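# Structure assessment
Each chain, letter by letter, is given below.
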Amino acid sequence: MDLVCPLCNGLYNIEFSCTQCNSKMVDKGPLVNIMDDYSPYLLDDITHRIDGVERERCIHTYQCLDCGFEENYSIERKKL
Ligand SMILES: [Zn+2]
Ligand SMILES: [Zn+2]
């Protein structure tokens, strides 16, 4: 059984509204972002190891398109 983050693996998008101005927020990627071209699966693993978040969740930074407000959301990993 393998749990993957739907955002990191491009399965689907999850949208959040800005808590400041209620505009649309966009995913800026996982909290620990490796600059190079690693595969999504590898990135997922590295992210998990570095930030020590529970295996079931992946932390993503979202930014508001309107006011620039940033917030972290924990995304539930799904079974592939
Ligand atoms: Zn993720
Ligand atoms: Zn906003």
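The following paragraphs examine the structure supplied in this document.

Parameters at a glance
- Once a new chain begins, its residue numbering starts again from 1 and follows that chain's sequence as written.
- In the order they appear in the text, chains get letters beginning with A and ligands get numbers beginning with 1.
- Local features in this predicted model are restricted to residues whose pLDDT is 70 or higher, and side-chain atom pairs enter the listing and the counts only when it is 80 or higher, whereas totals over whole chains, interfaces and linings include all residues.
- Only heavy atoms go into the side-chain values, all of them from the structure, while hydrogens and water stay out.
- A donor here means any N, O or S atom no more than 2.8 Å from the metal (3.2 Å for Na, K and Ca); water is not included, so a site may seem to lack partners.
- A run of DSSP states H or I qualifies as a helix once it reaches four residues; a run of E qualifies as a strand once it reaches two. Both are numbered from the N-terminal end.
- Two strands form a pair only when DSSP identifies at least two bridges running between them.
- What makes a salt bridge here is a side-chain nitrogen of Lys or Arg within 4 Å of a carboxyl oxygen of Asp or Glu, nothing more.
- Burial classification: accessible surface area is computed with a 1.4 Å probe over protein chains only, and a residue below 20% of its type maximum counts as buried, one above 50% as exposed, and the rest as partly exposed.
- Just to be clear on the cut-offs, tetrahedral is four donors with all angles between 85 and 135 degrees, square planar is four donors and octahedral six with opposite donors over 155 degrees apart and all others between 65 and 115, and anything else goes down as irregular.

The next thing to look at is the coordination of the zinc ion (ligand 2). In this structure, Cys18 (SG), Cys21 (SG), Cys64 (SG) and Cys67 (SG) serve as the protein donors to the zinc ion (ligand 2), at separations of 2.3 to 2.4 Å. Every donor residue of the zinc ion (ligand 2) comes from the same chain, spaced as C-x2-C-x42-C-x2-C. Taken together, the positions of Cys21 in the loop between β2 (16-17) and β3 (24-30) and Cys64 in strand β4 (residues 57-64) put the pair 43 residues apart, joining distant regions of the chain.

Read from one edge of the open sheet, 4 strands run β2-β3-β4-β5, paired in antiparallel fashion. On the outer flanks of this sheet lie β2 and β5 (70-76), each paired with one strand and no other. Here β3 runs beside β4; their pairing, made up of 4 bridges, is antiparallel. Each residue of the ladder has a partner; that of Pro30, found in β4, is His60.

All right, on to the pattern of salt bridges then. Counted according to the given criterion, the structure contains 2 salt bridges. The partner of Lys24 in a salt bridge is Glu15, with the nearest N and O atoms 3.6 Å apart. Its relative accessible area of 43% is what places Lys24 among the partly exposed residues. In this structure, Lys28 and Glu70 form a salt bridge, with 3.0 Å as the shortest nitrogen-oxygen distance. Of the two residues, Lys28 is situated in strand β3 and Glu70 in strand β5; the sequence distance between them amounts to 42 residues. Using a relative accessible area of 43% as the deciding quantity, one classes Lys28 as partly exposed.

Note on the zinc ion (ligand 1): its protein donors are Cys5 (SG), Cys8 (SG), Cys58 (SG) and His60 (NE2). The metal-donor distances range over 2.0 to 2.3 Å. Considering all 4 donor atoms around the zinc ion (ligand 1), the spread of angles at the metal, 101 to 115 degrees, places the coordination shape in the tetrahedral class. Taken in sequence order, the residues that donate to the zinc ion (ligand 1) follow the motif C-x2-C-x49-C-x1-H. Residue Cys8 is found in the loop between β1 (3-4) and β2, and its partner Cys58 is found in strand β4; the two are separated by 50 residues along the sequence. For Cys8, a relative accessible area of 15% gives the class buried.

Shape descriptors only; they carry no functional weight alone.
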